[in-house]
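What follows is the residue order along each chain.
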Amino acid sequence: MKAGPGIPSILKTAFVNALIALVLFSLMVGIRTEAGASGQLTYWTRFGELVSLVAAVFGGSIVLELLRQWIGPTGAEKLVPPAVKSGMSFIGRYVAAALLIFTLLVPVIFYNQRYILDLAILVLTYVMLGWGLNVVVGLAGLLDLGYVAFYAVGAYSYGLLATNFGWSFWVCLPLAGILAAFWGVLLGFPVLRLRGDYLAIVTLAFGEIIRLVIINWQELTGGPNGVSGIPRPSFFGIPLDNSDDGLAAKLGIEYSPTHRIVFLFYLILALALLTNWATIRLRRLPIGRAWEALREDEVACRALGINTTTTKLTAFATGAMFGGFAGAFFATRQGFISPESFTFQESALVLAIVVLGGMGSQLGVALSALAMIGGFELFRSLETYRMLVFGMAMVLIMIWRPRGLIGHRAPTVYLTKANAISSDLVKEGHG
Amino acid sequence: MSGDKILSVDRLAMRFGGIVAVQDLSFAAERKKITALIGPNGAGKTTVFNCITGFYKPSGGAIRLSHDGGSTIALERLNDFRIAKQAKVARTFQNIRLFPGMTALENLMVAQHNALMRASGFTFLGLIGAPRYRDAEKRAIDLATDWLKRVNLLDRADDAAGNFAYGDQRRLEIARAMCTEPALLCLDEPAAGLNARESAALSELLLSIRDELGTSILLIEHDMSVVMEISDHIVVMDHGVKIAEGTPREVRDDPKVIAAYLGADEEEAAAVMEGGS
Ligand SMILES: Nc1ncnc2c1ncn2[C@@H]1O[C@H](COP(=O)(O)OP(=O)(O)O)[C@@H](O)[C@H]1O
Ligand SMILES: [Mg+2]
């Protein structure tokens, strides 16, 4: 066994955690308050539950610390010999290709399983959001906790333009992206000087502000009631419905509601692949290299004459634009949007996807979106314990691979050979 | 002091709250020459660099940079990235600041950001793979390759900079600064932590930068063998003020300089007297 912190330090960590749990839970669990029959405040204590929770935190901390010593922090990196590692990156390339081919075939294989198709669309939406946020967090190293704001801007842009002016999806899609990018720049300006935690807090606030504006600007957004009756997408002008000029009728095949689902599937797949293509391409352009350099060392960037302000703004705007595209897709798929869909939880989920996947890695983000969204569905049978099991799985993965599933950075340009760069060297930025 | 000045610092002052780091400092650096800035630790040398390269806003004084064409730029009025971009002043850092997670080649490509940005039509031409951008990128790779060759790191072009040995990182940082094609190169203790052989190679590199490319160099250095060998002019600072300046020979024999070093650190004083003799 590796030498790690001794038993006293493990106990100390566990004790501190238990103390925090005690403070937090004493009010949340220890004392239960309710409005009584005549409106008075009644309360009673639940010390038994409180004690068991604190004990669970204490025990859990010890187990966690022990696990960290056995398999972490970079256990996997150290245990895997270099030959196997390079072999794995070789396989990695095939995994990406195989995954893409499989994804293309999903509607064929699961044509009759509506549930799987819906789930696949959901996963792809998060893959796209993850790829979009990856530009900001993974490449430029700016911790953005309010990404859902741009998703919302995109969704409402399409929803409102389509319902008020009857504009088609294909006109609104670029507009939604542009509007979201515009908001990205607006957000970018005030936060440029902030670093790390401060940046995270302000972006988080921005996400909430957008949601509150949507709730309160009733005349425009419908407030909490949302926007309904958002038109479904057409196949470049030909509706996908049961009518006489619907696509099914035109093709002379029998109409089925699945056609629309399959169309939506390929639509989001195309949008996600566009995001992926643009990101890969941008990484190899000076702007993308400047994003990564910014993540590595902002001071050095300035000494090289790079305008860090505009570089950060372009990262925000690009990420926001993809979020806006995804939002427009979300609106057309649901046909109904309301502020409830754009809570902080969404931002956190997308950020978790990026971090779990390995910041900056396109394949990693796709795999982790699959694991997170698909995995969450897998645990559905566990009902109440779903969140718990899911949370534990995430903690275990982050102990096993602290740098995310794919922990390598591929160079953007090379003379003789593209050597994968270990994530131990790559900085995380956040400022 | 005669000749064509590329940089003239006039009554520069820098205060941090109550601390006076630099006071009433005036000196000039000649074009296509190596000017060294020496002095004991804490003398204020790095602070002067930070004022010249825009990382600090001077509390007082003027810093003028005059380009070959005759145009003069007031550096104290330009801020951060513009000094590198418009005034063409490049620098390295006392505690190396490479992009550790990027390869050596990528580091040198980032240094050519502004030229490549223009060539890529601010990304739009690059995104569609316009031939104009592809040519520019190829030229940028050639320039980077050339510099990797000069600093003897060509075989490590595709390795992450963070994996390099200390001396290699120092040389790569100089190459990166040179890839911005500067008029004035400011080096903050480039020989720190190098062994004798590496120091000698560094001296040669700096001389070739001066003689072959005609780049002016402003150098902060503790290694007196390097300073005495390659400097054309030396400015000595102590406690934020200039205490002497002149040719290496003049400075070496100046009693004030010896006293400053003796007062600060005996080893350094010994180094001053040994160096170059
Ligand atoms: N950002 C700063 N804030 C406060 N004091 C500073 C700062 N930078 C430098 N100083 C002070 O200025 C003096 C000169 O430092 P420096 O320029 O680094 O010296 P040198 O490079 O000659 O060793 C030191 O006393 C240092 O503490
Ligand atoms: Mg210094």
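Look up a bit, the structure's there.
Remember, it's a predicted structure, so these values are computed and weren't measured experimentally.

Colleague: So what's going on with the interface of chain B and chain A? Which residues, and what values?
Modeller: In this complex, chain B contributes 43 residues to the contact, which on the side of chain A involves 35 residues. Contact between chain B and chain A buries roughly 3300 Å² in total, counting both sides, with carbon and sulfur atoms accounting for 67%. The three residues of chain B that bury the most area against chain A are Phe81, Leu127 and Asp158 of chain B, which together make up 18% of that side's buried surface. Taken together, chain B and chain A are joined by 3 salt bridges. Two residues, Glu137 of chain B and Arg289 of chain A, come together in a salt bridge whose shortest N-O distance is 3.1 Å. The tally of links from chain B across to chain A stands at 10 residue pairs in polar contact (both at pLDDT 80 or more). The element contributing the most residues to the side of chain B that touches chain A is helix α3 (residues 104-111) of chain B, with 5 residues. Counted by class, the side of chain B that touches chain A contains 22 nonpolar, 12 polar and 9 charged residues.

Colleague: Please give an account of the sheet that holds strand β5 (residues 72-74) of chain B that cites residues and values.
Modeller: All names here are of chain B. Strand order in the open sheet formed by 4 strands is β2-β1-β4-β5, and the pairing between neighbours is antiparallel. Edge positions in the open sheet fall to β2 (19-30) and β5, since each of these has one partner strand only. Across the sheet, the axes of successive neighbouring strands diverge by a mean angle of 20°, strand direction being ignored. For strand β1 (residues 5-16) and strand β4 (residues 60-66), the ladder comprises 5 bridges, and the chain directions are antiparallel. Of the residues in β4, the one forming a bridge with Leu7 is Leu65. Where helix α1 (residues 45-52) meets the sheet, its contacts fall on β1, β2 and β4, and the angle it forms with β1 comes to roughly 115°.

Colleague: Please set out the coordination of the magnesium ion (ligand 2) residue by residue, giving values where relevant.
Modeller: Residues and elements named next belong to chain B. Distances from the magnesium ion (ligand 2) to its protein donors, Thr46 (OG1) and Gln94 (OE1), fall at 2.0 to 2.2 Å. One end of the pair, Thr46, is in helix α1; the other, Gln94, is in the loop between β6 (89-91) and α3, and 48 residues separate them in sequence. Its relative accessible area of 32% is what places Gln94 among the partly exposed residues.

Colleague: So, the side chain of His113 of chain B: which residues are in play, and what are the values?
Modeller: Mapped onto the secondary structure, His113 of chain B falls in helix α4 (residues 113-119). Side-chain polar atoms of His113 of chain B contact the backbone oxygen of Pro286 of chain A, separated by 3.5 Å. Discounting chain neighbours no more than four positions away, the residues touching His113 of chain B are Pro286, Ile287, Ala290 and Ile306 of chain A.

Colleague: How would you sum up the packing of aromatic side chains? Please name residues and give values.
Modeller: The relation between two aromatic rings is expressed through the spacing of the ring centres and the mutual angle of the planes. Under the counting rule described, the total for this entry stands at 14 aromatic pairs over all chains. For the pair Phe16 of chain B and Tyr56 of chain B, a centre-to-centre distance of 5.1 Å together with 75° between the ring planes defines the contact as edge-to-face. With Phe16 of chain B in strand β1 and Tyr56 of chain B in the loop between α1 and β4, this residue pair connects regions lying 40 residues apart in the sequence. Members of the aromatic cluster, connected to one another through ring pairs, are Tyr151, Tyr156, Phe330 and Phe342 of chain A. For the cation-ring pair, Arg150 of chain B lies above Trp147 of chain B, with the distance from its terminal atom to the ring centre recorded as 4.9 Å. A cation sits over an aromatic face here: Arg176 of chain B above Phe99 of chain B, 4.8 Å from the ring centre.

Colleague: Pulling in residues and values, what's your account of the site of ligand 1?
Modeller: All names here are of chain B. Taken together, the neighbourhood of ligand 1 is formed by Phe16, Ala21, Asn41, Gly42, Ala43, Gly44, Lys45, Thr46, Thr47 and Tyr56. Gly42 places a main-chain nitrogen or oxygen 2.8 Å from an oxygen atom of ligand 1. Separating an oxygen atom of ligand 1 from a backbone N or O atom of Lys45 is a distance of 2.8 Å. Computed on the free molecule, ligand 1 has an accessible area of 560 Å², of which 64% lies beneath the protein chains in the complex. The leading source of residues in the shell around ligand 1 is α1, at 3 residues. When grouped by side-chain class, the residues that make up the shell around ligand 1 number 4 nonpolar, 5 polar and 1 charged.

Conventions and cut-offs
Counting starts from 1 at the beginning of each chain's written sequence and moves along it residue by residue. Starting at A for chains and at 1 for ligands, labels are handed out in the order in which the entities are written. At least 70 in pLDDT is required for a residue's local features to be given in this predicted model, at least 80 for side-chain atom pairs to be given and counted, and no such filter applies to totals for whole chains, interfaces and linings, which use all residues. With hydrogens and water excluded, all non-hydrogen atoms of the structure serve as input to the side-chain values. Any two residues whose heavy atoms approach within 4.5 Å at even a single point are treated as in contact. Accessible area that two parts lose when put together, evaluated with a 1.4 Å probe and summed over both, is termed the buried area. When a carboxyl oxygen of Asp or Glu lies within 4 Å of a side-chain nitrogen of Lys or Arg, that pair is called a salt bridge. Whenever two N or O atoms come within 3.5 Å, that pair is a polar contact, provided that in protein one can donate a hydrogen and the other can accept it, and provided that, for residues adjacent in sequence, both atoms are side-chain atoms. Numbering of helices and strands runs from the N terminus, with a helix taken as a DSSP run of H or I at least four residues long and a strand as a DSSP run of E at least two residues long. Throughout, the ten residues Ala, Val, Leu, Ile, Met, Phe, Trp, Tyr, Cys and Pro are labelled nonpolar, Asp, Glu, Lys and Arg are labelled charged, and all others, Gly among them, are labelled polar. Between any two strands, pairing holds if DSSP finds at least two bridges. Axes, fitted as lines to C-alpha atoms, cover a helix only where it is in contact. Angles between the N-to-C directions of the axes lie from 0 to 180 degrees. Note: metal donors comprise N, O and S atoms at 2.8 Å or less from the metal (3.2 Å for Na, K and Ca); water molecules are not included, so apparent gaps in a site are possible. Only protein chains enter the accessibility calculation, which uses a 1.4 Å probe; a residue whose area is less than 20% of its type maximum is buried, one above 50% is exposed, and one in between is partly exposed. Here a pair means two rings of Phe, Tyr or Trp (six-membered ring of Trp) with centres within 6.5 Å. Their orientation is stacked below 30 degrees between planes, edge-to-face above 60, and tilted elsewhere. Here, over-ring charges are defined by two tests on the NZ atom of lysine or the CZ atom of arginine: distance to the ring centre within 6 Å, and angle to the ring normal within 35 degrees. Nearness is defined per residue: one heavy atom within 4 Å of the molecule or strand is enough. Throughout, the Shrake-Rupley method with a 1.4 Å probe supplies accessible areas, and for residues the shown protein chains are the sole cover considered.

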